[in-house]
Number of protein chains: 2
Amino acid sequence: MAQTDTVTRILDTAEVLFAERGFAETSLRTITSKARVNLAAVNYHFGSKKALIQAVFARYLDPFTVRFHHALDELEVRHDGGVIPLEELLETMARTVLEVPAEKHSLKVFMKLLGLAYSQAQGHLRRYIQDEYGSVFTRFVELVRRATPELPDAERFWRLHFVLGTVIFTLSGLDALRDIAEKDYQEHVSVRDLIRRLRPVVVAAMNAPLPPSAMPRAKAS
Amino acid sequence: MAQTDTVTRILDTAEVLFAERGFAETSLRTITSKARVNLAAVNYHFGSKKALIQAVFARYLDPFTVRFHHALDELEVRHDGGVIPLEELLETMARTVLEVPAEKHSLKVFMKLLGLAYSQAQGHLRRYIQDEYGSVFTRFVELVRRATPELPDAERFWRLHFVLGTVIFTLSGLDALRDIAEKDYQEHVSVRDLIRRLRPVVVAAMNAPLPPSAMPRAKAS
DNA sequence: TCCCGCTGGAAACGGATGTTTTAAACATTA
DNA sequence: TAATGTTTAAAACATCCGTTTCCAGCGGGA
C-alpha cells in the first residue's frame, strides 16, 4: 500500500463523483485522474465500471446491515419478544443510518447514492441491492407489521414506501433545498435537524386514518 | 406535415425513452431510429439534445401551469379571497396533475420525468424548470401558507418538500412497486388508487405535531 | 541469483456519442 | 413558377467512452 491504498482512493473519489453527477455522467477517466491513479486500475481491481458502482454501495451497505441487524436483535431482546413500538423502530433505523457513514464517510453522499440507486435505471444496481441486502429490509418490515396491526398489509406496504420516498428524496436533494431554505429563512439546517423534523411527520404519516375504501366491488373481509 | 409531425414524433418517442432509461442513457440515434426520423432532424428542429430534453418537459409543464393557474383563480374566487383549506389546495393540485397528461400523454411518463429532473444531475434542467415554472409553485406555496398559519415558515417549507418527495418518488417508481404489491397482495393498483391512498397520508404529514424545538438556545414559545 | 506474481504506467483499441455538413427530394406558399 | 421551409439520406467530424494490451518495476520465495 502506498500512502493510501489505491483501491480505497478510487472508492473515495468515485463515491463523491457519482453522488454529484450520477453514474453514466461520471467517466472512469474523471475518477482515476482525480484520484491520481492509473486509468487501468479500476478495471484491474474491480473488473468493470458496474463492479465499481456495486463496490461503492457495498462499502456503505455491508456495515449498515450488520449494525442494523444487531440493533434489531437488541431491540427484540429488550422488548422480550413483544411488540416493538413503531417510534422505536423508526428511531433505531434513523440512528443506524446516521452512525454508519459517520465513521469515515459522508452521510450526504450515502443518501445521494441511495437516491440514485432508485432513480437511475441501472437495472443491475437495483437487482444487486435487492439480492444482497433485501433480507434486512424484510426483517424490518415484519417488525413494523407487528407494530401496526390495525393497518391492512397493502396499506402498510404503500405507506412504508411513501415515507421511504420522503426520506430519500429530501436527504438526497439536501444541498439544493438547504440553499433555498438558508436564503429564505436565514436558518442553517444540519442533517440531524432534518431528521428531527422528519420524525413527527413520518409517524403521523404511518398513523394517518385509512382512506375511504374505493374497491369497485366490495367483497367480504 | 407527413402522417404525424416529425417534431411530435420525436417528442413522443423521446419522452418514453427518457422515462425508461434516463437522459444520458438514451442516445439521439436510438430516439431517431425508433421514431423513424432522420438523425439530423433533432438538431435541425431543436438545436441540441439539451433543448430536446427541455422541450419534452415544456410539453407537459406549459399546459399544466396554465391549468393550475386557472384552477387556483377559480378557487380564490370561490372562497372570496378568504383562506382556502389545505385539503382543497392539495385536491386541486392532484386533479390538475391528473388532468394534463390524460389528454394524450401518459401520467406515468410524466411522473418518471419529474423524478428524473430531480435526481439526474442535469444542472441545466433544474435551472430551466426553476426559471420557467417557479412562479406557479411560489403562488401555491403562498396559498398553503395562509391555509396553515400555525406552521412556522421553515417547517412548512420542509414539509412541503417531504410530501413532494413522497409523491414523486412513489409515482415515478410506480411500475416496480406495483409489481411487488400485486405479487404480494394480489391487488391491482391504479394511479388513482394511489392518489386516494396518498391523500390522508399527505394531510396527516402536513398537520403533524411540531418537532421538539432543538434550537441551540431555547427561546420561549 | 533467478524467477514469478502483483501493481502501476502509457498507449492503443474498438465502439458509441453529439453534432455538422452536403446533397437531394419534397411540400407549401407566394 | 419561384421561393421557402421541411425532411431524408449518407457521411464525416471530433470527442469521449470502457476496456485491453504490453511492458517496466517491484516484492519476496526458490
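Keep in mind that what you see is a predicted model, and the values were worked out from it rather than measured.

K.L.:
Break down the interface of chain A and chain B for me, with residues and values.
P.N.:
Contacts between the two partners involve 46 residues from chain A and, on the opposite side, 46 residues from chain B. For the pair chain A and chain B, the two sides together bury roughly 4,200 Å², of which 74% comes from carbon and sulfur. Interface area lost by chain A to chain B is led by W158, F162 and F169 of chain A, which between them contribute 19%. Linking chain A to chain B there are two salt bridges. The salt bridge involving E155 of chain B is made with R197 of chain A; its shortest N-O contact spans 2.4 Å. Linking chain A with chain B are seven residue pairs in polar contact (both at pLDDT 80 or more). Breaking the side of chain A that touches chain B down by element, the ones donating at least two residues are α1 (6-21), α6 (107-119), α8 (153-172), α9 (174-185) and α10 (191-206) of chain A. If you tally residues by element for the side of chain A that touches chain B, the top one is α8 of chain A, at 14 residues. Grouping the amino acids of the side of chain A that touches chain B by side-chain chemistry returns 29 nonpolar, seven polar and ten charged.

K.L.:
So what's going on with the side chain of H161 of chain B? Residues and values would help.
P.N.:
The residue H161 of chain B is located in helix α8 (residues 153-172) in this model. When near neighbours in sequence (up to four residues on either side) are disregarded, H161 of chain B contacts F169, T170 and L177 of chain A.

K.L.:
Describe the packing of helix α5 (residues 86-102) of chain B against helix α7 (residues 123-147) of chain B, listing the residues and the values that go with them.
P.N.:
Residues and elements named next belong to chain B. Here α5 crosses α7 at 155°, and the two axes come no closer than 9 Å. Relative to α7, the element α5 is oriented roughly antiparallel. Facing α5, whose interface residues are L86, L89, L90 and M93, α7 presents F140, L143, V144 and A147. When its residues are assigned to classes, the contact of α5 with α7 shows eight nonpolar, no polar and no charged.

K.L.:
Outline the protein's contact with DNA strand C, supporting the account with residue identities and numerical values.
P.N.:
Around DNA strand C sit 15 residues in total, of which T6 and Y44 of chain A together with L28, R29 and K49 of chain B are the nearest. Close to the protein, within 4 Å, the atoms of DNA strand C are drawn from sugar and phosphate at a rate of 51%. Between DNA strand C and Y44 of chain A there is a distance of 3.0 Å, counted from a phosphate oxygen to a side-chain nitrogen or oxygen. Within the side chain of K49 of chain B, one N or O atom sits 2.7 Å away from a phosphate oxygen of DNA strand C. Residue composition of the surface near DNA strand C, by class: five nonpolar, seven polar and three charged.

K.L.:
Could you give an account of the protein's contact with DNA strand D, with specific residues and numbers?
P.N.:
Surveying the vicinity of DNA strand D reveals 17 residues, the closest of which are L28, R29 and K49 of chain A together with N38 and H45 of chain B. Atoms of DNA strand D within 4 Å of the protein belong to the sugar or the phosphate in 51% of instances, the rest to bases. At 2.5 Å from a base oxygen of DNA strand D is found a side-chain nitrogen or oxygen belonging to R29 of chain A. Within the contact set of DNA strand D, a phosphate oxygen lies 2.4 Å away from a side-chain nitrogen or oxygen of H45 of chain B. Going through the elements one at a time, α2 (28-34) and α3 (40-45) of chain A together with α1 (6-21) and α3 (39-45) of chain B are the ones with two or more residues in the surface near DNA strand D. Considered class by class, the residues forming the surface near DNA strand D number five nonpolar, seven polar and five charged.

K.L.:
Outline the relation of the copies chain A and chain B, listing residues and values.
P.N.:
Between the two copies, chain A and chain B, the superposition gives an RMSD of 0.1 Å; the rotation angle is 179° and the shift along the axis is 0.0 Å. Such a combination of rotation and displacement between the chain copies is what one expects of a two-fold axis. Both copies share a contact surface, since 100% of the interface residues of chain A are interface residues in chain B too.

K.L.:
Describe the packing of aromatic side chains, listing the residues and the values that go with them.
P.N.:
Residues and elements named next belong to chain A. Counted according to the given criterion, the structure contains 16 aromatic pairs over all chains. Consider the rings of Y128 and Y133, whose centres lie 6.1 Å apart with planes at 80°: the pair is edge-to-face. With a relative accessible area of 9%, Y133 lands in the buried category. Through pairs of rings, three or more aromatic residues link up here, namely F18, F23 and F57.

K.L.:
So, the pattern of salt bridges: which residues are in play, and what are the values?
P.N.:
Between side chains of opposite charge, a pair can form when the charged atoms approach closely. Scanning all chains against the criterion turns up 29 salt bridges over all chains. Salt-bridge contacts for R78 of chain A lead to E88 of chain A; the nearest nitrogen and oxygen are separated by 3.6 Å. Linking R78 of chain A in helix α4 (residues 49-78) with E88 of chain A in helix α5 (residues 86-102), this pair joins segments that are ten residues apart in sequence. Exposure remark for R78 of chain A: the relative accessible area of 52% places this residue in the exposed category. A cluster of three or more residues bridged by salt bridges with shared partners is formed by E155 and R159 of chain A together with E187 and R197 of chain B.

K.L.:
Requested: an account of the nonpolar core, with residues and values cited.
P.N.:
Ranked by size, the top nonpolar core spans 147 residues in total, and within it L52 of chain A together with L52 of chain B carry the most contacts. Setting aside residues up to four positions removed in sequence, L52 of chain A forms contacts with I10, L11, A14, F18, L28, I31, V42 and F46 of chain A.

Analysis parameters
Residues numbered from 1 in each chain as written. Chains lettered and ligands numbered in written order. Predicted model: local features only at pLDDT ≥ 70, side-chain atom pairs only at ≥ 80, totals over all residues. Heavy atoms only, no water. Contact = heavy atoms within 4.5 Å. Buried area = accessible area lost by both parts, 1.4 Å probe. Salt bridge = Lys/Arg side-chain N within 4 Å of Asp/Glu carboxyl O. Polar contact = N/O pair within 3.5 Å; in protein donor to acceptor, adjacent residues only side chain to side chain. Helix = DSSP H or I, 4+ residues; strand = E, 2+ residues; numbered from the N terminus. Nonpolar A, V, L, I, M, F, W, Y, C, P; charged D, E, K, R; others polar. Axes fitted to C-alpha atoms, helices over the stretch in contact; angles between N-to-C directions. Parallel < 35°, antiparallel > 145°, perpendicular 65-115°, else oblique. Near = heavy atom within 4 Å. Least-squares fit on C-alpha atoms with pLDDT ≥ 70 in both. Phe/Tyr/Trp six-rings, centres within 6.5 Å; stacked < 30°, edge-to-face > 60°. Buried < 20%, exposed > 50% of the residue type's maximum accessible area, 1.4 Å probe, protein only. Core = buried A, V, L, I, M, F, W, Y, C linked by side-chain atoms within 4.5 Å.

Function cannot be inferred from these measures alone, as they are strictly geometric.
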